Amino acid sequence: MYQDVANRGEKLSTVKSAVVQYGILLMMLALAAGLWRLQVLGASNFRELAEQNRIRKVPILAARGKLFDRENRLIVDNYPSVSCFLVREQNKNIDADLPMIAQGLHLDLEQLRATLRHYRLSPGYQPVPIKQDITADEQAFIEAHRNELPELETIDEERRLYPRDGFAAHLVGYVGEVSEDDLNKPRYAYYQPGDVVGKAGVEETYDQILRGEDGSRDVIVDSHGREVGVLGTQHAKPGHDLKLTIDLDLQREAEVALGGNNGAVVVMDPRNGEVLALVSHPSYDPNAFAVRIHRDEWNALVTDPRHPLMNKAIQDQLAPGSTFKIIMSAAGLQEGVAQNMRVNCVGGGSFYGRFFHCDKHHGVLAIQQAIPLSCDTFFYTLAQRLGIDTIARYATSFGLSQKTGIDLPNEMSGVMPSTQWEMKNFHQKYYAGNTISVGIGQGETQVTPIQLLRALSGIASNGHFVRPHLVAETELPPDFYHAVLDSFPGSGDRTVPLDTDTWMTITDGMAAATTTGTAAASHIEGVDFAGKTGTAQVVGGGDTHVKGGERTPNSWFVGMVPRRNPELAIVVLQEHGDWGANSAHIAQAIVTTYVNKQRRRDHNLLQQAGENKPVEVGAVWSAPAINDGSVERGAIHPRSQNRDLGHPTEALHSGHFFVDPAAAPRTVAAAQPPVLSWLNLIPIRRRERLY
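Remember, predicted model here, so these are calculated numbers, not experimental data.

A. The arrangement of the overall build of the protein chain in detail. Looking only at helices and strands, the protein chain has 23 helices and 24 strands in total. For the protein chain, the proportion of its 691 residues judged to be buried stands at 50%. For the protein chain, long-range pairs separated by at least 24 residues make up 72% of all intrachain contacts whose partners lie at least 6 apart in sequence. Here the protein chain displays about 33,500 Å² of accessible surface, and carbon together with sulfur accounts for 53% of that area.

In structure tokens:
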């Protein structure tokens, strides 16, 4: 028995020995295979990783392009700044250092941790921006703790410097860090977390041109992450500067004139669509976004009931009030309805079983008086005769209910009601009684200030409508310019033929509005200033006329200089500003600034606009042809072939003389042929315009 036990022990020892030997062999083979994989198969990969541990790529951020006005005066600049980044690959236990980092950089610890979580999916070698625009003492903290906190790095960069007090904020926009939502959009496919991009206004539209291309610097670091040498530098390419169409003088005057009122002002050259000034109040400080806006500041902006982040010049959709009567006049005259209308205004009129009020008893009047006096009763009657679809057809042809195509993000399109619109949106027939309200710019009609400016200045330009823009085509590469047109579709440039009589009647009516009409208090002596006021009731409002109250009507004014083929057009909106004449005063101040600047530029020795001085004029005018015996009775005088004015029995005259505004007639209606009205003079050279 003892022999059997001994034999079994020897067999077990032999098996164990064999197992151990084979195990050792397998381990050796595994080690050999791992060594082969590391030294042969993965040699290139680990060589690259080793180089990365030794060489760090430090980004060099490109300076953003500057913004200038039309006269090359600086609007938006850059200033040198230092930002702090955290390099995660330098320290495996970064979490333990966060309290010290937060204290030294004056950061909230939880916010710092949230920032790191935001970048958790990005590559480990990518620096994480943790604080921008650090102070001198914070830079000293980083330098003093290089050994303890090798993961902290600083980068020099150029940061945006905007005008103070929100000046031109809505047209310029602001920059900010690209968000996660932005990174999911095709437009931001080539951006990385932490990149600074344009967020509104010109900054957003022209971000691709302004932002430039970042560079980098390859530096050698030691085991503690300290820089010990530089291998090479790829220099950053700064962004391109942009010259805007804005005139700083007019922008400044518009900002001051609008003051603390909520609303918008847009000034434009209707000959080419160049925007000379664009104001939206209340405004905001874009410098707060240039670094990183605090959460409390952001919440205050987005919850403010005055909507300071809204660009009211292109986004505020409101009833146009009586400014819409210019569009009504064009439709009525073009349709042959308004020419012979005579309406007796007794303070309103009854339509479809309801009495619609007018603000005054105007008596019997024609369209020549209805425009400057803004008689509601006349336009109630005209709206009833035209019908909603005819009104809508003309309004849309003039650009209402469509975006203008201005090169600013988030423009709104407004509303123009019609029978088709009613059926599409409410699945019901259009109630004819609503047409009466539409006729005076109330009801469902909604426009933006930029739409209204384009429409009325286009009518004053004899049907030439233009696309408003802030950057001229000559400032952009051709492919980028066409990309802007595609990205901002709208009514754009268009010509809508108007009869000469339509054009003359409307422009004369608007000129009379600033002399004897609703905007007479805003008349400027010596200036051919025309316009139309509008007082638009708000939803659920009433005729309270307490300026600034929630039920107070909105105040509109659209004006132009001169009355026909204007070179300057302006729209003013005051939310709850009461009568439209209040907005006309704001336009008067801006037009005066423009006129005086033009006079200085043309070396005109006349005094400031509004002073009662003689005006030197070169002009042509028409008067009834007088048969002096040189032609047979009933024949047309050779000098009377004035096809443009459409009066074959009138003769053209010309002259160069001085006009004394104090002695000249104040209204067109008061000047009957052959008496010459100074308001009706047609300048033959630009420097002799009636301003």
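B. Fine view of helix α10 (residues 248–258). Along α10, the residues that are buried comprise L248, L250, Q251, A254, E255 and L258. Viewed along the axis of α10, the buried residues span an arc of 165°, placing them on a single side of the element. Among the structural elements, β3 (74–86), α6 (169–172), β11 (263–269), β12 (274–281), β21 (568–574) and α23 (580–601) are those in contact with the buried residues of α10. In this structure D247 caps α10, since a side-chain oxygen of it lies 2.9 Å from the backbone nitrogen of D249. One or two steps after α10, the chain reaches G259, where phi turns positive at roughly 60°.

C. Quick peek at the pairing of β3. By the bridge criterion, two bridges tie strand β2 (residues 67–68) to β3 in an arrangement that is antiparallel. Across the sheet, residue L67 finds its bridge partner in β3, namely V76. Of the strand pairs in this sheet, β3 and strand β5 (residues 152–161) are connected by ten bridges, and their pairing is antiparallel. Opposite D77, over in β5, you have L161 as the bridge partner. When β3 meets strand β4 (residues 128–131), the two strands line up antiparallel, connected through three bridges. Looking at β4, one finds that L86 is bridged to V128.

D. Up close: the pattern of salt bridges. All told, the structure shown has 28 salt bridges when counted by the stated rule. Close ionic contact of R601 with E71 constitutes a salt bridge, the shortest N to O distance being 2.8 Å. Taken together, the positions of R601 in helix α23 and E71 in the loop between β2 and β3 put the pair 530 residues apart, joining distant regions of the chain. A salt bridge links R252 to D249, with the shortest nitrogen-to-oxygen separation between them at 3.5 Å. Taken together, the positions of R252 and D249, both in helix α10 and three residues apart, correspond to about one turn of that helix.

E. Region of interest: the packing of aromatic side chains. Scanning the entire structure with this criterion turns up 13 aromatic pairs. When the centroid spacing of 5.9 Å and the interplanar angle of 90° are considered together, the rings of Y174 and Y284 count as edge-to-face. Pair noted here: Y174 is in the loop between α6 and β6 (175–177) and Y284 is in the loop between β12 and α11 (287–290), with a separation of 110 residues, a long-range link. In this structure Y174 comes out as buried when scored by relative accessible area, which is 12%. For Y284, a relative accessible area of 5% translates into the label buried. By way of ring pairs, the aromatic residues Y174, Y284, F289 and W298 are connected into one cluster. The ring of F356 carries the charged tip of R354 above its face, separated from the ring centre by 4.3 Å.

F. Quick look at the state of the cysteines. In total, this model carries zero disulfides according to the counting rule given. Take C375: it sits in no disulfide, and the sulfur closest to it among the cysteines is that of C345, at 3.7 Å.

G. Summary view of the nonpolar core. Y206, F324, I327, F378, F398 and I459 are the most contacted members of the largest nonpolar core, which has 103 residues in total. No other element matches the seven residues that helix α20 (residues 449–460) contributes to this core. Those residues in contact with F324 that lie beyond four places of it in its chain are I391, A395, L400, M416, V438, G439, G441 and T445.

H. Highlighting the confidence of the model for the protein chain. Predicted confidence across the protein chain gives a mean pLDDT of 82, with 80% of residues reaching 70 or more. Taken as a whole, residues 626–648 scores under 50 in pLDDT and shows 27 contacts with residues more than four places along the chain or in a different chain. Between residues 665–691, whose pLDDT stays under 50, and residues either more than four places distant or in other chains, the model counts 62 contacts.

I. Up close: a nonpolar patch on the surface. Nonpolar side chains collect at one region of the surface, where V20, I24, M28 and L31 lie side by side and expose about 410 Å² of accessible area between them. Structurally, the position occupied by V20 is in helix α1 (residues 2–41).

J. Highlighting the layout of surface pockets. Each pocket or cavity is described by its volume, and for the largest pocket that value is around 1,600 Å³. Lining of the largest pocket is provided by 48 residues; of these, E177, F289, R292, I293 and W298 occupy positions nearest its centre. Looking at the lining of the largest pocket, the elements that each hand over two or more residues are α4 (109–118), β4, β6, α7 (180–183), α8 (201–205), α11, α12 (295–303) and α13 (312–315). Looking at which element gives the most residues to the lining of the largest pocket, the answer is α4, with five residues.

K. Region of the structure containing the pairing of strand β15 (residues 354–357). In this structure, strand β14 (residues 348–351) lies alongside β15, joined through four bridges in antiparallel fashion. Residue G349 lies in a different strand from β15, and its bridge partner there is F356. Counted between consecutive antiparallel strands, the loop separating β14 from β15 contains two residues, among which Y352 sits at a positive phi close to 55°.

L. Examining the environment of G194 more closely. Along the chain, G194 turns up in the loop between α7 and β7 (196–198). Sequence spacing of G194 and V128 is 66 residues, and the spatial spacing of their C-alpha atoms is 7.5 Å. Setting aside chain neighbours within four positions, we find G194 in contact with Y119, P129, E177 and V178.

M. Focus on unusual backbone geometry. Going from H281 to P282, the amide bond is cis rather than trans, its omega being 0°. Its place among the elements puts P282 in the loop between β12 and α11. The step from V561 to P562 runs through a cis peptide bond, and the omega angle for that step is -15°. Tracing the backbone through its elements, the reader meets P562 in the loop between β20 (554–561) and β21. Of note in this structure, D133 is not a glycine but carries a positive phi near 55°. Assignment of secondary structure puts D133 in the loop between β4 and α5 (136–144). Here D133 falls in the partly exposed class, since its relative accessible area comes to 28%.

Quick notes on the rules
- Residues numbered from 1 in each chain as written.
- Predicted model: local features only at pLDDT ≥ 70, side-chain atom pairs only at ≥ 80, totals over all residues.
- Heavy atoms only, no water.
- Helix = DSSP H or I, 4+ residues; strand = E, 2+ residues; numbered from the N terminus.
- Buried < 20%, exposed > 50% of the residue type's maximum accessible area, 1.4 Å probe, protein only.
- Contact = heavy atoms within 4.5 Å.
- Areas by Shrake-Rupley, 256 points an atom, 1.4 Å probe, with all protein chains shown as cover.
- Arc of directions from axis to C-beta.
- Polar contact = N/O pair within 3.5 Å; in protein donor to acceptor, adjacent residues only side chain to side chain.
- Pairing = 2+ DSSP bridges.
- Salt bridge = Lys/Arg side-chain N within 4 Å of Asp/Glu carboxyl O.
- Phe/Tyr/Trp six-rings, centres within 6.5 Å; stacked < 30°, edge-to-face > 60°.
- Lys NZ or Arg CZ within 6 Å of the ring centre and 35° of its normal.
- Disulfide = S-S within 2.5 Å.
- Core = buried A, V, L, I, M, F, W, Y, C linked by side-chain atoms within 4.5 Å.
- pLDDT = per-residue confidence, 0-100.
- Patch = residues over 30% accessible without salt bridge, like charges linked within 9 Å, V, L, I, M, F, W, Y side chains within 5 Å.
- 1 Å grid on protein atoms, 1.4 Å probe; cavity = no way out; pocket = protein on both sides within 12 Å on 5 of 7 lines; lining within 4 Å.
- Points joined across faces, edges and corners; volume = space filled by probe spheres on them.

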